[in-house]
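Now for the letters of each chain:
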Amino acid sequence: LGTTITISSNHWVMAWTGLEINTLAILPLISKSHHPRAIEAATKYFLTQAAASALVLFSSMTNAWHTGQWDITQLTHPTSSLILTSAIAMKLGLVPFHFWFPEVLQGSPLTTGLLLSTIMKLPPITLLYMTSPSLNPTLLTTLAILSTALGGWMGLNQTQVRKILAFSSISHLGWMAIIIIYNPKLTLLNFYLYAMMTATIFLTLNSIKVLKLSTLMTAWTKVPAMNAMLLLTLLSLAGLPPLTGFLPKWLIIQELTKQDMAPAATLISLLSLLSLFFYLRLAYCTTITLPPHTTNHMKQWRTNKSTSITIAILTTMSVMLLPISPMILAIV
């Protein structure tokens, strides 16, 4: 309901209401397990989102004070535009407001982590989409390049799968932020494909009950086929050419080059190689390598035979959409 209200609103107060409903709705899901880590994650999430929502309201009030209107698309005051960009960056977890996101994701169950990485990112991205003509290109490009760099660097030394996926999300948000002023539809396409691939990975990990790299190394004994597909989905999320994840990166680089931003496109492409490194490490852990030492968790001698048609469909789409990309682009 919160997402729908924000997406369909024209008035800033209604958009703010939708964001608040969203925040309050996800808190019970994060703190459901009653573990101290989960309560900590819920508190961090609440404080960050409340601060960001207050900034959204403040920027819209400043804009209304100067221009006399509350319409979302009429964000013409430069200061309001800067405050709103900062607020949305905080809501999304763009650098330098990213500190809360890996911690919150680490303290949440996998299914809640999926919601945090996908559905909860949609309303802020929609607000950016609607205000994109009046945003500051320099600020957004800086935030985007920093997010891609930090998302790659910070993910390199992680052993927890949820934290790796959190830094992956920060890196992908960088790609979305850099293009939103020049071609907002590309940002949405990137978000949809990212949400689909992330959903595949989260649901697969939830199905094989994996939370860290050492358990991922023994998962191939349980569900070999699903593990092989997880490897391909991870490489697709990294953006390797024959797979779906290459499509948004290809189009974004093309659009940036058209806008005479070849240096930015080169830089962001090189920085995404950092992310590729830890995706490759995850891919190695799924099927290619065995753990170097004995793990201290219990191995399951009974394999889980239950299969999910949802995971199968999502995996297929995450790996094989590139050949029909002209059709997707025609629709977009």
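Residues numbered from 1 in each chain as written. Predicted model: local features only at pLDDT ≥ 70, side-chain atom pairs only at ≥ 80, totals over all residues. Heavy atoms only, no water.

Quick reminder of the rule: UniProt positions are given in the numbering used here, feature names are shortened, and annotations may be inferred rather than shown by experiment.
Named according to an unreviewed UniProt entry, the protein chain is NADH-ubiquinone oxidoreductase chain 2 originating from Setophaga coronata coronata. Among the UniProt annotations of the protein chain, the heading Catalytic activity (unreviewed entry) holds the following wording: "a ubiquinone + NADH + 5 H(+)(in) = a ubiquinol + NAD(+) + 4 H(+)(out)". Heading Subcellular location (unreviewed entry) of the UniProt record for the protein chain holds this comment: "Mitochondrion inner membrane".

## A few points about the overall build of the protein chain
Threshold: Strands here mean DSSP runs of E at least two residues long; helices mean DSSP runs of H or I at least four residues long; both are numbered from the N terminus. C-alpha atoms define the radius of gyration in this analysis, and the globule rule sets the expected value at 2.2 Å times the number of residues to the power 0.38. Burial classes follow relative accessibility: with a 1.4 Å probe on protein chains only, a residue under 20% of its type's maximum area counts as buried, one over 50% as exposed, and anything between as partly exposed. Contact definition: two residues touch when any of their heavy atoms are within 4.5 Å. To measure how exposed things are, a 1.4 Å probe is used in the Shrake-Rupley method; for residues, cover is taken only from the protein chains shown.
A tally of helices and strands in the protein chain yields 16 helices and 0 strands. Taking 20 Å as the expected radius of gyration for a compact globule of 332 residues, we find that the protein chain reaches 20 Å, a close match to that expectation. Taken along the three principal axes of its C-alpha coordinates, the protein chain extends 65 × 45 × 35 Å. Buried residues in the protein chain amount to 55% of all 332 residues. Considering only intrachain contacts with a sequence separation of at least 6, the fraction spanning at least 24 residues in the protein chain is 77%. Within the structure as shown, the protein chain displays about 14,600 Å² of accessible surface, and the carbon and sulfur contribution to it stands at 71%.

## Description of the side chain of S147
With respect to the helices and strands, the residue S147 is situated in helix α8 (residues 137–155). The class of S147 is buried, set by a relative accessible area of 0%. What S147 contacts, discounting residues up to four positions off in sequence, is L94, V95, I170, S171 and G174.

## Looking at the packing of helix α10 (residues 184–208) against helix α12 (residues 224–238)
Threshold: Think of each axis as a best-fit line through the C-alpha atoms, taken over the contacting stretch in the case of a helix, with angles from 0 to 180 degrees between the N-to-C directions. Put simply, angles under 35 degrees are roughly parallel, angles over 145 are roughly antiparallel, angles from 65 to 115 are roughly perpendicular, and the rest are oblique. We call a crossing left-handed when the near helix sits turned anticlockwise from the far one by less than a right angle, and right-handed when that turn is clockwise. Side-chain classes follow a simple rule in which Ala, Val, Leu, Ile, Met, Phe, Trp, Tyr, Cys and Pro form the nonpolar group, Asp, Glu, Lys and Arg form the charged group, and the remainder, Gly included, forms the polar group.
It is the contact of α10 with α12, at a shortest axis distance of 10 Å, that shows an interaxial angle of 150°. Between α10 and α12, the angle is such that the two are roughly antiparallel. In this structure, α10 crosses over α12, and the sense of that crossing is left-handed. Of the residues in α12, those touching α10 at Y194, M197, T198, T200, I201, T204, L205, S207 and I208 are M226, N227, L230, T233, L234, S236 and L237. Broken down by class, the residue content of the contact of α10 with α12 amounts to 9 nonpolar, 7 polar and no charged.

## Topic: the pattern of salt bridges
Side-chain pairs of opposite charge can arise whenever the charged atoms involved come near each other. Let me state the cut-off plainly: Throughout this description, the term salt bridge denotes a Lys or Arg side-chain nitrogen within 4 Å of a carboxyl oxygen of Asp or Glu.
Following the criterion strictly, the structure yields 5 salt bridges and no others. Of the charged contacts in the structure, one is a salt bridge between E103 and R37, with a shortest N-O distance of 3.4 Å. Residue E103 is located in helix α5 (residues 100–106), and its partner R37 is located in helix α3 (residues 36–67); the two are separated by 66 residues in the primary sequence. Looking at E103, the relative accessible area reads 25%, which means it is partly exposed. On the basis of relative accessibility, which here comes to 30%, the residue R37 falls in the partly exposed class. Here K44 makes a salt bridge to E40, at a shortest N to O gap of 2.8 Å.

## Some details on a nonpolar patch on the surface
Convention followed: Each patch is built from residues that are more than 30% exposed by relative accessible area and take part in no salt bridge. Like charges join if they lie within 9 Å; nonpolar side chains (Val, Leu, Ile, Met, Phe, Trp, Tyr) join within 5 Å.
Together, V13, M61 and W70 make up a nonpolar patch on the protein surface, roughly 250 Å² of accessible area in all. You can see V13 is positioned in helix α2 (residues 12–30).

## Describing helix α6 (residues 110–117)
In terms of residue burial, α6 counts as a mostly covered element, since 6 of its 8 residues are buried. Three or more residues of α6 are buried, namely L110, T112, G113, L114, L116 and S117. Considering only its buried residues, α6 is in contact with α2, α3, α5, α9 (161–179) and α10.

## A closer look at the nonpolar core
Spelled out, the test is: By convention a nonpolar core is built from buried Ala, Val, Leu, Ile, Met, Phe, Trp, Tyr and Cys residues, the set being connected through side-chain atoms within 4.5 Å. Residue ranges for the domains trace back to a domain assignment, done automatically or taken from a database.
Counting residues in hydrophobic clusters, the biggest one holds 95 residues, and the most contacted among them are I30, Y45, L116, L127, I178, L205 and L216. When residues in this core are grouped by element, the largest group, 13 residues, is from α10. Mapping this core onto the domain boundaries places at least three of its residues in each of domain 1 (1–114) and domain 2 (136–331). Setting aside anything within four residues of it in sequence, one finds L216 in contact with L205, V210, L230, L282, C285 and T286. Listed in part, the 5 residues of the second largest apolar core include L231, L235, A283 and V319.

## Structural notes on the domain arrangement of the protein chain
Note the following rule: The quantity reported as buried area is the accessible area (1.4 Å probe) lost by two parts once they are put together, taken as the sum for both. Any pair of nitrogen or oxygen atoms within 3.5 Å is treated as a polar contact; in protein, a donor-acceptor pairing is required on top of that, and neighbouring residues in sequence qualify only through side-chain atoms on both sides.
For the protein chain, the assigned domains are domain 1 (1–114) and domain 2 (136–331). Just the C-alpha atoms count here: the centres of domain 1 and domain 2 sit 24 Å apart. Listed per partner, the contact involves 22 residues of domain 1 and 26 residues of domain 2. Contact between domain 1 and domain 2 buries roughly 2,000 Å² in total, counting both sides, with carbon and sulfur atoms accounting for 76%. For domain 1, the biggest contributors to the area lost against domain 2 are V95, Q106 and L110; these three give 33% of the whole. Counting the contacts that link domain 1 with domain 2 gives 1 salt bridge. The residue K163 makes a salt bridge to E103 at a minimum N-O spacing of 3.6 Å. At the junction of domain 1 with domain 2, the criterion picks out 4 residue pairs in polar contact (both at pLDDT 80 or more). Elements that contribute at least two residues to the side of domain 1 that touches domain 2 include exactly α4 (78–92), α5 and α6.

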